Amino acid sequence: MADLAAVKRALTAQRIETPSWAYGNSGTRFKVFAQPGVPRNPEEKIADAAAVHRFTGVAPTVALHIPWDKVDDYAALARYAADLGVGIGAINTNVFQDDDYKLGSVTNPDPGIRRKATDHLLEAIDIMDQTGSQDLKLWFSDGTNYPGQDDLRTRQDRLAAALRETYDRLGENQRMLLEYKLFEPAFYATDVPDWGTSYAHCIELGNRATVCIDTGHHAPGTNIEFIVAFLLRQGRLGAFDFNSRFYADDDLMVGAADPFQLFRIMYEIVRADALDPAYGIAFMLDQCHNIERKIPAIIRSVMNVQEATAKALLVDRDALTAAQNAGDVLEANSVFMDAYNTDVRPLLAEVRTDAGLDPNPVAAYKRSGYDEKIIADRVGGTQAGWGA
Ligand code: AOS
Ligand code: ZN
Ligand code: ZN
């Protein structure tokens, strides 16, 4: 049996980072459905993240995206966040929304454009120095649409050069998180398409370069928990971008489409003792809430991660190992499924009550009046940047 007191301690210590862009308007390339009360500036996005933290108790940091969250004084922005009880987390870069990047950013055939893209990555590190952020998150939309369009191997050389320059500028306590994505917006070949490519570049760079797994960035049917287990074993798993998908990079609420997959991923985390924040994995959300209210959706997402984690912590590891070693396939599977099929909601309600929180964060948010207040106060909220 899992030790319940230890399970509760682990759930209390768990940390989940929310993304600033999830609070703003977003949509698909077909339509952005603007919502009332969305943030008009980075400060208001941070205020919404602070609201999520107030009701969940486990989301004390918010990731920024440059230039969507551009301000004059980042140190002041970090102080503003601290006053609201949250910190600034990863700094996300953007080398995908400029006409110059049509043929790529750091892999572009034009050295001038490569310089511009790399300078943006370096600028993001300057911002990290001011916000106290430890993580630089890189996602490149670079790739090609047609066979022969550009030289696949040379593009890897250009990528490696930009990553090297960026990595070398990182401070002692800063890390690089290199995200991969199989497809989109490039359709024929993506320059960082999979975990193996990201991992190989990280190995070349050094210890502070790690892989970021966005759960929506794989081919259908990919065994993501295997990737998690492999990277943990190699010490190269730096972060997650959690979300869920039915078809492509849907960015839906994590745990909504496939809660069993999320459980299997969290089991590998628990198995490696990597849940504790001290281990260093950044558990981030990367989501867009196009048709639902954003703050309760983010609260719901945080709760989904907590539920998957609680189930993973409840796996009877001794019984599982015994069944595995005995080659008892059915028993091993049944031990695993017993944990998944446990209703952990009462346990999480208890954890929240013990922490002085409402046991039902979504209901508490709805009762709080925050939603009505932002709708009344904020007129003309902005778009996060996606679906423009
Ligand atoms: C894009 O598909 C990726 O998921 C990135 O993580 C992206 O940069 C992020 O959604 C916004 O910064
Ligand atoms: Zn992502
Ligand atoms: Zn994505």
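The structure presented is a predicted model; accordingly, all values stated were derived computationally and were not measured.

1. Notes on the packing of helix H7 (residues 224-234) against helix H8 (residues 259-271)
Relative to each other, H7 and H8 sit at 15°, their axes nearing to 9 Å. Taken together, the axes of H7 and H8 are roughly parallel relative to one another. Considering only the axes of H7 and H8, their crossing is right-handed. Counting all contacts with H7, which are made through Ile224, Glu225, Val228, Ala229 and Leu232, the residues of H8 involved are Gln261, Arg264, Ile265, Glu268 and Ile269.

2. A few points about the UniProt feature "domain: Xylose isomerase-like TIM barrel" (unreviewed entry) in the chain
The residues that UniProt annotates with the feature "domain: Xylose isomerase-like TIM barrel" (unreviewed entry) are residues 53-248. The straight-line gap between the two end C-alpha atoms of residues 53-248 is 29 Å; of that span, 38% is helix and 18% is strand.

3. Re the confidence of the model for the chain
Of the residues in the chain, 99% reach a pLDDT of 70 or more, and the chain-wide mean stands at 97. Scored by ipTM, the complex comes to 0.97, with pTM at 0.97.

4. Some thoughts on unusual backbone geometry
Residue Ile66 is joined to Pro67 through a cis peptide bond whose omega torsion reads 15°. With respect to the element layout, Pro67 can be found in the loop between strand E2 (61-65) and helix H3 (74-83). Here Glu184 and Pro185 are connected by a cis peptide whose omega angle stands at 5°. Not every positive phi belongs to a glycine, and Glu184 is a case in point at roughly 70°.

5. Some details on the packing of H8 against helix H9 (residues 294-313)
For the pair H8 and H9, interaxial distance at closest approach is 8 Å and the crossing angle is 55°. In terms of orientation, H8 and H9 fall into the oblique class. Of the two elements, H8 crosses H9, and the hand of that crossing is right-handed. For the pair H8 and H9, contact is made by Pro259, Leu262, Phe263, Met266, Tyr267, Ile269 and Val270 and by Asn304, Ala308, Thr309, Lys311, Ala312 and Leu313, respectively. Looking at the contact of H8 with H9 residue by residue, the class counts come to 10 nonpolar, 2 polar and 1 charged.

6. Observations concerning the environment of Val379
Note on placement: Val379 falls in the segment after helix H14 (370-377). Under the C-beta neighbour-count criterion, Val379 is labelled exposed, with 9 such atoms within 10 Å. A sequence separation of 339 residues divides Val379 from Arg40, and the C-alpha atoms of the two residues are 8.0 Å apart.

7. What about the environment of Asp100?
With respect to the secondary-structure elements, Asp100 resides in the loop between strand E3 (87-92) and helix H4 (111-131). Sequence-distant contacts of Asp100, that is, excluding residues within four places in its chain, are made with Ile113 and Lys116.

8. Brief notes about H8
Here H8 contains 13 residues, and its C-alpha end-to-end distance of 18 Å stays within 8% of the 18 Å for a straight helix at 1.5 Å per residue. For H8, every residue scored as buried is listed here: Leu262, Phe263, Arg264, Ile265, Met266, Tyr267, Glu268, Ile269 and Val270. Structurally, H8 contributes buried residues whose contacts are with H7, H9 and helix H11 (329-340). Two residues or fewer past H8, Asp273 is found with a positive phi of approximately 55°.

9. Some details on the pairing of E2
Within E2, 5 of the 5 residues are buried, which leaves the element mostly enclosed by the surrounding structure. With burial as the criterion, each face of E2 is covered, one bearing Thr61, Ala63 and His65 and the other bearing Val62 and Leu64. Sheet analysis places strand E1 (residues 17-19) next to E2, joined by 3 bridges and oriented parallel. Opposite Pro19, over in E2, you have Ala63 as the bridge partner. Read as a crossover between parallel neighbours, the route from E1 over helix H2 (residues 42-56) to E2 is right-handed. Here 4 bridges tie E2 to E3, and the two strands are oriented parallel to one another. Bridge pairing links Val62 to Ile88 in E3. In this region the chain leaves E2, passes through H3 and returns to the parallel neighbour E3; the handedness of that crossover is right-handed.

Conventions and cut-offs
- Residues numbered from 1 in each chain as written.
- Chains lettered and ligands numbered in written order.
- Predicted model: local features only at pLDDT ≥ 70, side-chain atom pairs only at ≥ 80, totals over all residues.
- Axes fitted to C-alpha atoms, helices over the stretch in contact; angles between N-to-C directions.
- Helix = DSSP H or I, 4+ residues; strand = E, 2+ residues; numbered from the N terminus.
- Parallel < 35°, antiparallel > 145°, perpendicular 65-115°, else oblique.
- Left-handed = near helix turned anticlockwise from the far one by under 90°.
- Contact = placed C-beta atoms within 7 Å.
- UniProt positions renumbered as here; feature names shortened; annotations may be inferred.
- pLDDT = per-residue confidence, 0-100.
- Nonpolar A, V, L, I, M, F, W, Y, C, P; charged D, E, K, R; others polar.
- Buried ≥ 20, exposed ≤ 12 C-beta atoms within 10 Å, placed from the backbone.
- Expected span 1.5 Å × (residues − 1).
- Pairing = 2+ DSSP bridges.
- Right-handed = clockwise from strand over helix to strand, strands pointing away.

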